[in-house]
Amino acid sequence: MSDDNLWYEGIPFPRVFYSPEILRKAREEFVMKDEDVVTVTFPKSGTHWLMEILCLIHSKGDPKWVQSVPIWDRSPWIETDPGFELANKKEGPRLLTSHLPIHLFPKSFFSSKAKVIYVIRNPKDVIVSGYFYWSSVNFAKKPKSVKQFLECFLEGNVPFGSWFDHVRGWVSMRERENFLMLSYEELKRDTEKTVEKICQFLGKKVEPEELSLILKNSSFQAMRENKMSNFSVVDDAYLVHKNPLLRKGMTGDWKNYFTVAQAEAFDKVFQEKMADLPRELFPWE
Ligand code: A3P
(Lines give C-alpha, C1' and ligand atoms only; values in the text may rest on other atoms or scores of the structure.)
Protein backbone atom coordinates (compact mmCIF):
# COMPACT_ATOMS: atom_id res chain seq x y z
CA MET A 1 0.00 0.00 0.00
CA SER A 2 3.00 2.31 0.18
CA ASP A 3 3.41 2.79 -3.56
CA ASP A 4 2.74 6.48 -3.15
CA ASN A 5 5.10 6.92 -0.23
CA LEU A 6 8.67 8.08 -0.37
CA TRP A 7 11.14 5.36 0.64
CA TYR A 8 14.19 6.50 2.56
CA GLU A 9 16.63 4.10 4.25
CA GLY A 10 14.07 1.32 3.84
CA ILE A 11 11.29 3.28 5.57
CA PRO A 12 8.16 4.69 3.91
CA PHE A 13 7.51 8.40 4.48
CA PRO A 14 4.56 10.49 3.25
CA ARG A 15 5.61 11.87 -0.13
CA VAL A 16 4.33 15.38 0.62
CA PHE A 17 6.41 17.34 3.19
CA TYR A 18 9.30 14.80 3.21
CA SER A 19 12.34 14.57 0.94
CA PRO A 20 15.56 12.49 1.03
CA GLU A 21 17.59 15.69 1.20
CA ILE A 22 15.90 17.04 4.34
CA LEU A 23 15.75 13.60 5.96
CA ARG A 24 19.51 13.35 5.48
CA LYS A 25 20.10 16.89 6.73
CA ALA A 26 17.90 16.29 9.78
CA ARG A 27 20.13 13.36 10.75
CA GLU A 28 23.53 14.76 9.82
CA GLU A 29 23.30 18.53 10.11
CA PHE A 30 20.54 19.54 12.51
CA VAL A 31 22.07 21.16 15.57
CA MET A 32 20.19 20.23 18.72
CA LYS A 33 20.54 22.74 21.56
CA ASP A 34 20.66 21.84 25.23
CA GLU A 35 17.47 23.77 26.01
CA ASP A 36 15.40 22.12 23.23
CA VAL A 37 12.39 19.98 24.12
CA VAL A 38 11.33 17.46 21.49
CA THR A 39 8.04 15.56 21.20
CA VAL A 40 8.79 12.20 19.56
CA THR A 41 6.19 9.63 18.58
CA PHE A 42 5.14 7.01 16.10
CA PRO A 43 2.26 8.81 14.30
CA LYS A 44 -1.18 8.60 15.89
CA SER A 45 0.14 8.10 19.41
CA GLY A 46 -0.93 11.52 20.74
CA THR A 47 1.72 13.75 19.16
CA HIS A 48 -0.44 16.85 18.80
CA TRP A 49 -1.86 16.46 22.29
CA LEU A 50 1.61 16.52 23.84
CA MET A 51 2.66 19.40 21.55
CA GLU A 52 -0.34 21.43 22.74
CA ILE A 53 0.39 20.62 26.39
CA LEU A 54 4.03 21.69 26.00
CA CYS A 55 3.02 24.94 24.32
CA LEU A 56 0.59 25.64 27.14
CA ILE A 57 3.18 24.83 29.80
CA HIS A 58 5.42 27.32 28.02
CA SER A 59 2.70 30.02 28.07
CA LYS A 60 1.62 29.11 31.64
CA GLY A 61 -1.81 28.07 30.39
CA ASP A 62 -2.49 31.31 28.50
CA PRO A 63 -4.20 30.15 25.26
CA LYS A 64 -3.17 33.21 23.17
CA TRP A 65 -0.20 31.46 21.56
CA VAL A 66 -1.98 28.17 20.82
CA GLN A 67 -4.94 30.07 19.40
CA SER A 68 -2.95 32.36 17.11
CA VAL A 69 -0.09 30.28 15.68
CA PRO A 70 -0.49 26.93 13.84
CA ILE A 71 0.65 24.00 15.96
CA TRP A 72 3.36 23.00 13.42
CA ASP A 73 4.89 26.46 13.60
CA ARG A 74 4.93 26.46 17.38
CA SER A 75 6.68 23.08 17.50
CA PRO A 76 8.13 22.40 14.03
CA TRP A 77 8.75 18.91 12.68
CA ILE A 78 12.52 18.68 12.39
CA GLU A 79 12.52 16.25 9.46
CA THR A 80 9.88 17.85 7.23
CA ASP A 81 10.70 20.18 4.38
CA PRO A 82 8.95 23.20 5.95
CA GLY A 83 9.77 22.25 9.57
CA PHE A 84 13.53 21.90 9.15
CA GLU A 85 14.01 25.53 8.09
CA LEU A 86 11.57 26.81 10.65
CA ALA A 87 13.26 24.90 13.46
CA ASN A 88 16.65 26.24 12.40
CA LYS A 89 15.39 29.80 12.47
CA LYS A 90 13.84 29.58 15.95
CA GLU A 91 15.64 31.35 18.73
CA GLY A 92 15.70 30.65 22.44
CA PRO A 93 14.39 27.42 23.98
CA ARG A 94 12.67 25.54 21.17
CA LEU A 95 9.76 23.14 21.14
CA LEU A 96 10.34 20.62 18.35
CA THR A 97 8.57 17.54 17.03
CA SER A 98 9.64 14.37 15.25
CA HIS A 99 8.28 11.04 14.09
CA LEU A 100 11.74 9.72 13.26
CA PRO A 101 12.92 6.31 14.38
CA ILE A 102 15.95 6.69 16.63
CA HIS A 103 18.51 5.68 13.99
CA LEU A 104 17.43 8.57 11.73
CA PHE A 105 17.09 11.16 14.54
CA PRO A 106 19.54 14.13 14.58
CA LYS A 107 22.94 12.81 15.62
CA SER A 108 23.64 15.98 17.59
CA PHE A 109 20.90 15.06 20.08
CA PHE A 110 22.98 12.22 21.51
CA SER A 111 25.72 14.52 22.75
CA SER A 112 23.33 17.25 23.94
CA LYS A 113 21.19 17.83 27.02
CA ALA A 114 18.08 18.43 24.87
CA LYS A 115 15.03 16.66 26.28
CA VAL A 116 12.92 14.13 24.43
CA ILE A 117 9.43 13.14 25.52
CA TYR A 118 8.35 9.95 23.77
CA VAL A 119 4.65 9.06 23.76
CA ILE A 120 3.63 5.47 23.27
CA ARG A 121 0.05 4.27 22.65
CA ASN A 122 -1.66 0.90 22.42
CA PRO A 123 -0.65 -0.11 18.88
CA LYS A 124 -4.12 -1.47 18.16
CA ASP A 125 -5.50 2.04 18.75
CA VAL A 126 -2.61 3.45 16.69
CA ILE A 127 -3.74 1.19 13.84
CA VAL A 128 -7.38 2.31 13.99
CA SER A 129 -6.44 5.97 14.35
CA GLY A 130 -3.89 5.55 11.53
CA TYR A 131 -6.38 3.85 9.24
CA PHE A 132 -8.82 6.77 9.55
CA TYR A 133 -6.11 9.40 9.35
CA TRP A 134 -4.28 8.06 6.27
CA SER A 135 -7.67 7.52 4.59
CA SER A 136 -8.55 11.16 5.21
CA VAL A 137 -5.46 12.94 3.94
CA ASN A 138 -3.85 13.13 0.53
CA PHE A 139 -0.20 12.93 1.63
CA ALA A 140 0.31 9.18 1.36
CA LYS A 141 -1.26 6.09 -0.16
CA LYS A 142 -4.69 5.45 1.30
CA PRO A 143 -5.35 2.16 3.08
CA LYS A 144 -8.24 0.13 1.67
CA SER A 145 -9.56 -1.26 4.95
CA VAL A 146 -8.62 -1.69 8.61
CA LYS A 147 -7.72 -5.29 7.73
CA GLN A 148 -5.31 -4.22 5.01
CA PHE A 149 -3.81 -1.46 7.17
CA LEU A 150 -3.31 -3.95 10.00
CA GLU A 151 -1.47 -6.33 7.66
CA CYS A 152 0.76 -3.52 6.37
CA PHE A 153 1.37 -2.30 9.93
CA LEU A 154 2.61 -5.74 10.95
CA GLU A 155 5.01 -5.70 7.98
CA GLY A 156 6.23 -2.18 8.81
CA ASN A 157 4.84 -1.07 5.47
CA VAL A 158 3.05 2.07 6.72
CA PRO A 159 4.32 5.65 7.01
CA PHE A 160 7.33 5.76 9.36
CA GLY A 161 7.85 2.02 9.14
CA SER A 162 7.66 -0.60 11.85
CA TRP A 163 5.97 0.47 15.08
CA PHE A 164 7.84 -2.34 16.82
CA ASP A 165 11.25 -1.09 15.68
CA HIS A 166 10.33 2.53 16.44
CA VAL A 167 9.31 1.69 19.99
CA ARG A 168 12.22 -0.69 20.62
CA GLY A 169 14.67 1.95 19.45
CA TRP A 170 13.33 4.75 21.60
CA VAL A 171 12.58 2.62 24.64
CA SER A 172 16.30 1.85 24.81
CA MET A 173 16.75 5.49 25.96
CA ARG A 174 14.53 5.09 29.01
CA GLU A 175 17.28 5.24 31.63
CA ARG A 176 18.62 8.55 30.29
CA GLU A 177 18.04 11.67 32.34
CA ASN A 178 16.99 13.70 29.32
CA PHE A 179 14.37 11.18 28.18
CA LEU A 180 10.80 10.81 29.43
CA MET A 181 8.49 8.10 28.22
CA LEU A 182 4.75 8.63 28.58
CA SER A 183 1.74 6.71 27.41
CA TYR A 184 -1.39 8.05 25.77
CA GLU A 185 -3.26 5.84 28.21
CA GLU A 186 -1.80 7.53 31.30
CA LEU A 187 -2.42 10.94 29.76
CA LYS A 188 -6.09 9.96 29.33
CA ARG A 189 -6.42 8.29 32.72
CA ASP A 190 -4.93 11.09 34.77
CA THR A 191 -4.08 14.10 32.63
CA GLU A 192 -3.37 16.32 35.62
CA LYS A 193 -0.84 13.95 37.18
CA THR A 194 0.82 13.37 33.81
CA VAL A 195 1.11 17.11 33.13
CA GLU A 196 2.71 17.48 36.57
CA LYS A 197 5.15 14.71 35.64
CA ILE A 198 6.02 16.57 32.43
CA CYS A 199 6.56 19.81 34.35
CA GLN A 200 8.83 18.04 36.80
CA PHE A 201 10.86 16.55 33.94
CA LEU A 202 11.19 20.01 32.39
CA GLY A 203 12.05 21.59 35.73
CA LYS A 204 9.07 23.95 35.39
CA LYS A 205 6.97 25.04 38.29
CA VAL A 206 3.32 25.73 37.50
CA GLU A 207 0.83 27.27 39.90
CA PRO A 208 -2.50 25.45 40.46
CA GLU A 209 -4.44 28.02 38.42
CA GLU A 210 -1.93 27.70 35.55
CA LEU A 211 -2.30 23.93 35.67
CA SER A 212 -6.10 24.25 35.39
CA LEU A 213 -5.67 26.47 32.34
CA ILE A 214 -3.23 24.02 30.73
CA LEU A 215 -5.72 21.18 31.25
CA LYS A 216 -8.69 23.24 30.01
CA ASN A 217 -6.95 24.49 26.87
CA SER A 218 -5.41 21.14 25.87
CA SER A 219 -8.62 19.13 26.33
CA PHE A 220 -9.95 17.17 23.36
CA GLN A 221 -12.85 19.62 23.04
CA ALA A 222 -10.64 22.72 23.23
CA MET A 223 -8.23 21.32 20.64
CA ARG A 224 -11.08 20.29 18.36
CA GLU A 225 -12.39 23.84 18.45
CA ASN A 226 -8.97 25.49 18.08
CA LYS A 227 -8.44 26.30 14.40
CA MET A 228 -4.68 26.44 14.97
CA SER A 229 -4.60 22.86 16.23
CA ASN A 230 -7.45 21.04 14.48
CA PHE A 231 -6.20 20.98 10.87
CA SER A 232 -8.27 24.00 9.78
CA VAL A 233 -5.06 25.64 8.55
CA VAL A 234 -4.16 22.66 6.35
CA ASP A 235 -4.80 23.31 2.67
CA ASP A 236 -8.11 21.68 1.67
CA ALA A 237 -6.30 19.98 -1.23
CA TYR A 238 -4.57 17.75 1.33
CA LEU A 239 -7.77 16.69 3.07
CA VAL A 240 -10.50 14.26 2.13
CA HIS A 241 -12.52 15.16 5.24
CA LYS A 242 -12.30 18.16 7.51
CA ASN A 243 -10.62 17.58 10.86
CA PRO A 244 -9.15 14.08 10.47
CA LEU A 245 -6.88 14.67 13.46
CA LEU A 246 -9.14 14.95 16.51
CA ARG A 247 -11.33 11.96 15.73
CA LYS A 248 -12.47 10.27 18.96
CA GLY A 249 -9.65 10.72 21.45
CA MET A 250 -10.39 7.56 23.39
CA THR A 251 -8.58 4.40 24.50
CA GLY A 252 -9.68 0.95 23.38
CA ASP A 253 -11.48 2.03 20.18
CA TRP A 254 -9.73 -0.92 18.48
CA LYS A 255 -12.37 -3.18 20.05
CA ASN A 256 -14.90 -1.62 17.65
CA TYR A 257 -12.83 -2.55 14.58
CA PHE A 258 -10.73 -5.68 15.23
CA THR A 259 -12.20 -9.15 14.93
CA VAL A 260 -11.26 -11.61 17.68
CA ALA A 261 -8.99 -13.41 15.20
CA GLN A 262 -7.25 -10.16 14.21
CA ALA A 263 -6.68 -9.21 17.86
CA GLU A 264 -5.22 -12.65 18.59
CA ALA A 265 -2.97 -12.52 15.53
CA PHE A 266 -1.76 -9.08 16.57
CA ASP A 267 -1.08 -10.21 20.15
CA LYS A 268 0.96 -13.13 18.85
CA VAL A 269 3.22 -10.85 16.79
CA PHE A 270 3.47 -8.39 19.69
CA GLN A 271 4.54 -11.22 21.97
CA GLU A 272 7.14 -12.48 19.48
CA LYS A 273 8.64 -9.04 18.94
CA MET A 274 8.38 -7.41 22.36
CA ALA A 275 8.38 -10.21 24.96
CA ASP A 276 11.88 -9.38 26.20
CA LEU A 277 10.86 -5.84 27.21
CA PRO A 278 9.28 -5.15 30.64
CA ARG A 279 5.50 -5.46 30.44
CA GLU A 280 5.04 -2.24 32.48
CA LEU A 281 6.29 -0.25 29.48
CA PHE A 282 3.04 -1.11 27.74
CA PRO A 283 0.27 0.03 30.11
CA TRP A 284 -2.82 -1.09 28.21
CA GLU A 285 -5.15 -4.09 28.07
P1 A3P B 1 -8.02 9.03 17.48
O2 A3P B 1 -7.87 8.96 16.00
O3 A3P B 1 -8.05 7.67 18.13
O4 A3P B 1 -9.15 9.90 17.91
P5 A3P B 1 -1.31 12.17 16.59
O6 A3P B 1 -1.36 13.54 17.15
O7 A3P B 1 -0.10 11.39 17.02
O8 A3P B 1 -1.54 12.15 15.13
O9 A3P B 1 -2.49 11.35 17.28
C10 A3P B 1 -3.84 11.62 16.97
C11 A3P B 1 -4.69 10.93 17.99
O12 A3P B 1 -4.59 11.64 19.25
C13 A3P B 1 -6.16 10.93 17.59
O14 A3P B 1 -6.70 9.71 18.09
C15 A3P B 1 -6.66 12.16 18.36
O16 A3P B 1 -8.04 12.16 18.57
C17 A3P B 1 -5.89 12.02 19.66
N18 A3P B 1 -5.85 13.30 20.40
C19 A3P B 1 -5.40 14.48 19.95
N20 A3P B 1 -5.58 15.43 20.88
C21 A3P B 1 -6.18 14.83 21.93
C22 A3P B 1 -6.64 15.29 23.20
N23 A3P B 1 -6.54 16.55 23.57
N24 A3P B 1 -7.19 14.37 24.04
C25 A3P B 1 -7.31 13.07 23.68
N26 A3P B 1 -6.88 12.58 22.49
C27 A3P B 1 -6.33 13.45 21.63
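Residues numbered from 1 in each chain as written. Predicted model: local features only at pLDDT ≥ 70, side-chain atom pairs only at ≥ 80, totals over all residues. Heavy atoms only, no water.

1. A look at the UniProt feature "domain: Sulfotransferase" (unreviewed entry) in the protein chain
Using the residue numbers shown here, the UniProt feature "domain: Sulfotransferase" (unreviewed entry) corresponds to residues 34-277. Structurally, residues 34-277 comprises 46% helix and 8% strand, and the distance from its first C-alpha atom to its last is 29 Å. (UniProt positions renumbered as here; feature names shortened; annotations may be inferred. Helix = DSSP H or I, 4+ residues; strand = E, 2+ residues; numbered from the N terminus.)

2. Side note on the site of the ligand
Thr 47, His 48, Ser 129, Lys 248 and Gly 249 are the nearest of the 18 residues found near the ligand. Lys 248 places a polar main-chain atom, nitrogen or oxygen, 2.7 Å from an oxygen atom of the ligand. The separation between an oxygen atom of the ligand and a polar main-chain atom of Gly 249 is 2.7 Å. Surface burial for the ligand is 98%, taken as the share of its 570 Å² of free accessible area covered by protein chains. The set of elements that each furnish at least two residues to the shell around the ligand consists of helix H2 (47-58) and helix H12 (220-225). For the shell around the ligand, the element with the most residues is H2, which contributes three residues. (Near = heavy atom within 4 Å. Polar contact = N/O pair within 3.5 Å; in protein donor to acceptor, adjacent residues only side chain to side chain. Areas by Shrake-Rupley, 256 points an atom, 1.4 Å probe, with all protein chains shown as cover.)

3. Observations concerning the state of the cysteines
Tallied over the full model, the rule gives zero disulfides. Summary of cysteine pairing: Cys 199 is not part of a disulfide, and the nearest cysteine sulfur, belonging to Cys 55, is at 13 Å. Of the residues examined, Cys 199 reaches a relative accessible area of 3% and is grouped as buried. (Disulfide = S-S within 2.5 Å. Buried < 20%, exposed > 50% of the residue type's maximum accessible area, 1.4 Å probe, protein only.)

4. Structural notes on the packing of aromatic side chains
Under the counting rule described, the total for this entry stands at 33 aromatic pairs. Plain terms: the ring middles of Trp 72 and Phe 231 are 5.5 Å apart, the flat faces sit at 70 degrees to each other, and that makes the pair edge-to-face. Separated by 159 residues along the polypeptide, Trp 72 in helix H4 (residues 71-74) and Phe 231 in the loop between H12 and helix H13 (260-274) bring together distant segments of the chain. The exposure class of Phe 231 is buried, given its relative accessible area of 3%. Judged by centre distance (4.9 Å) and plane angle (90 degrees), the rings of Phe 105 and Trp 170 are edge-to-face. Of this pair, Phe 105 sits in the loop between strand E4 (95-98) and strand E5 (115-120) while Trp 170 is found in helix H8 (residues 163-171), placing the two residues 65 residues apart along the sequence. One exposure class covers both Phe 105 and Trp 170, and it is buried. Members of the aromatic cluster, each reached through a chain of ring pairs, are Phe 42, Phe 153, Trp 163, Phe 164, Phe 266, Phe 270, Phe 282 and Trp 284. Across from the ring centre of Tyr 184, 3.9 Å away, lies the NZ or CZ of Arg 121, which sits over that ring. Over the aromatic face of Trp 254 sits the side chain of Lys 124, whose NZ or CZ is 4.1 Å from the ring centroid. (Phe/Tyr/Trp six-rings, centres within 6.5 Å; stacked < 30°, edge-to-face > 60°. Lys NZ or Arg CZ within 6 Å of the ring centre and 35° of its normal.)

5. Thoughts on helix H7 (residues 146-155)
Within H7, the full set of buried residues consists of Val 146, Gln 148, Phe 149, Leu 150, Cys 152 and Phe 153. Of the surrounding secondary structure, the elements contacted by the buried residues of H7 are helix H6 (123-136), H8 and H13. Following H7 by one or two positions, Gly 156 adopts a phi angle in the positive range, close to 75 degrees. (Contact = heavy atoms within 4.5 Å.)

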